[in-house]
Each structure stands twice: as structure tokens, then as C-alpha cells.
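Spelled out, the chains give:
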Amino acid sequence: RACVARGDAIGAAKHLNEEMAEGNPVLLLAIAEIQLRAGKHDRGIALIQRAVAQDSSIGTDAVRIGVELARRQPDAGFLLVEMVADAWAADSQFALAISAYREFIAQQPDYVPATMRLREMEAEASGSPDDNRVVPFRRLIPAVVKSRTA
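Q: I'm lost on helix H4 (residues 41-54) in this one. Help?
A: Between its terminal C-alpha atoms H4 stretches 20 Å, which fits the 20 Å expected from 14 residues at 1.5 Å a residue. Buried within H4 we find His41, Gly44, Ile45, Leu47, Ile48, Ala51 and Val52. Burial along H4 is one-sided: seen end-on, the buried residues are contained in an arc of 160°. In H4, the exposed positions that point more than 90 degrees away from the buried face belong to Asp42 and Ala53. Buried-residue contacts for H4 involve helix H3 (25-37), helix H5 (59-70) and helix H6 (74-90).

Q: When you look at H3 in this model, what are you seeing that I'm missing?
A: An α-helical segment advances 3.6 residues per turn. Residues three or four places apart therefore align on the same side. End to end, H3 covers 18 Å across 13 residues, agreeing with the expected 18 Å (1.5 Å per residue, within 8%). Considered for burial, the residues of H3 that qualify are Pro25, Leu28, Leu29, Ile31, Ala32, Glu33, Ile34, Gln35 and Leu36. Between the side-chain oxygen of the N-cap and the backbone nitrogen of Val26 there are 2.9 Å, and the N-cap of H3 in question is Asn24.

Q: How should I be thinking about the nonpolar core in this particular structure?
A: Ile48, Leu80 and Phe104 are the most contacted members of the largest nonpolar core, which has 38 residues in total. At 9 residues, the largest contribution of residues to this core is made by H6.

Q: What should I look at first to understand the pattern of salt bridges in this one?
A: Side chains carrying opposite charge are able to pair once their charged atoms draw close together. Applying the stated criterion across every chain, the model contains 9 salt bridges. The partner of Glu33 in a salt bridge is Arg64, with the nearest N and O atoms 3.7 Å apart. Residue Glu33 is found in helix H3, and its partner Arg64 is found in helix H5; the two are separated by 31 residues along the sequence. Between Arg117 and Asp86 there is a salt bridge whose closest N-O contact spans 2.4 Å.

Cut-offs applied
Residues numbered from 1 in each chain as written. Predicted model: local features only at pLDDT ≥ 70, side-chain atom pairs only at ≥ 80, totals over all residues. Heavy atoms only, no water. Helix = DSSP H or I, 4+ residues; strand = E, 2+ residues; numbered from the N terminus. Expected span 1.5 Å × (residues − 1). Buried < 20%, exposed > 50% of the residue type's maximum accessible area, 1.4 Å probe, protein only. Arc of directions from axis to C-beta. Contact = heavy atoms within 4.5 Å. Polar contact = N/O pair within 3.5 Å; in protein donor to acceptor, adjacent residues only side chain to side chain. Core = buried A, V, L, I, M, F, W, Y, C linked by side-chain atoms within 4.5 Å. Salt bridge = Lys/Arg side-chain N within 4 Å of Asp/Glu carboxyl O.

Without other data, these values stay purely geometric and don't point to any function.
This is the structure we're talking about:
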């Protein structure tokens, strides 16, 4: 606690571990952020991956951490953003995934892998069915029957 109060991420990282979160994804995310600030990228990224797997609603916080990390460590920050964006895309949440890449690119405009992934994600999103355009089959049947009887 003293290390956290002093803002000593390196000291805090030595004492904090995932067991302290007791399965709480928000606490796990906080511990991961401290690990990342202390330079323990592999450990921090793994913890964030676990936290997002437990609760996908903290994905936006994970993206924020990735974008902030990109200021000092673009590769590590990109890994976080990509991990969350891929999870969102797998769940057909393309708008969130695209937004994550755009946030990263705003911070690191010359980071080519992020630009490439953004373009890939946009292409994937344009090829997926839009829920607003998809008409459920059950709604089509009465319309077809009605047109045949007319």
C-alpha cells in the first residue's frame, strides 16, 4: 500500500500479484496496469487478457491502458489494443474494434501494424451482416404469403 500511495509502481509490482484480486476483473486490471507501469509487460498483458476474458465490459479500460502505454512502448500498447479489438470482432462488435485501433493510431500515427489492422477490421466489418439490414426469416413468411394471395 505504501508503494502505491507513493506512486512507486516498481515497488508495488514486486508485492502485487493476481491472487490478490481474488477473481475480481477490475482489481486484476488495476494490478495489471501497475505491472505495466513497472515495465513488466508480459505479466501485465497476461493479467489484462485474463481480466477481459472474465468481463468483456472492461475492454474499453484495457484499450485506454494500451493507448497510454503506447506513448512509451508502442509494441506493448499495440498488443493490448489488438487483443481487445480481436475479442470484440469475434463478438461482432466491429464498431468498438475499429474505434480501438483509431484511438491507438491517434497516439501513434506512424505505427504501420495498427493501420494495417484497422484496414483489415474495416474490411471485415463491411463484409459482415448488419443487424439493421437483416430481416428475420419469420417476418418474411407472412409477407410472401400475403403477396401470393393478392
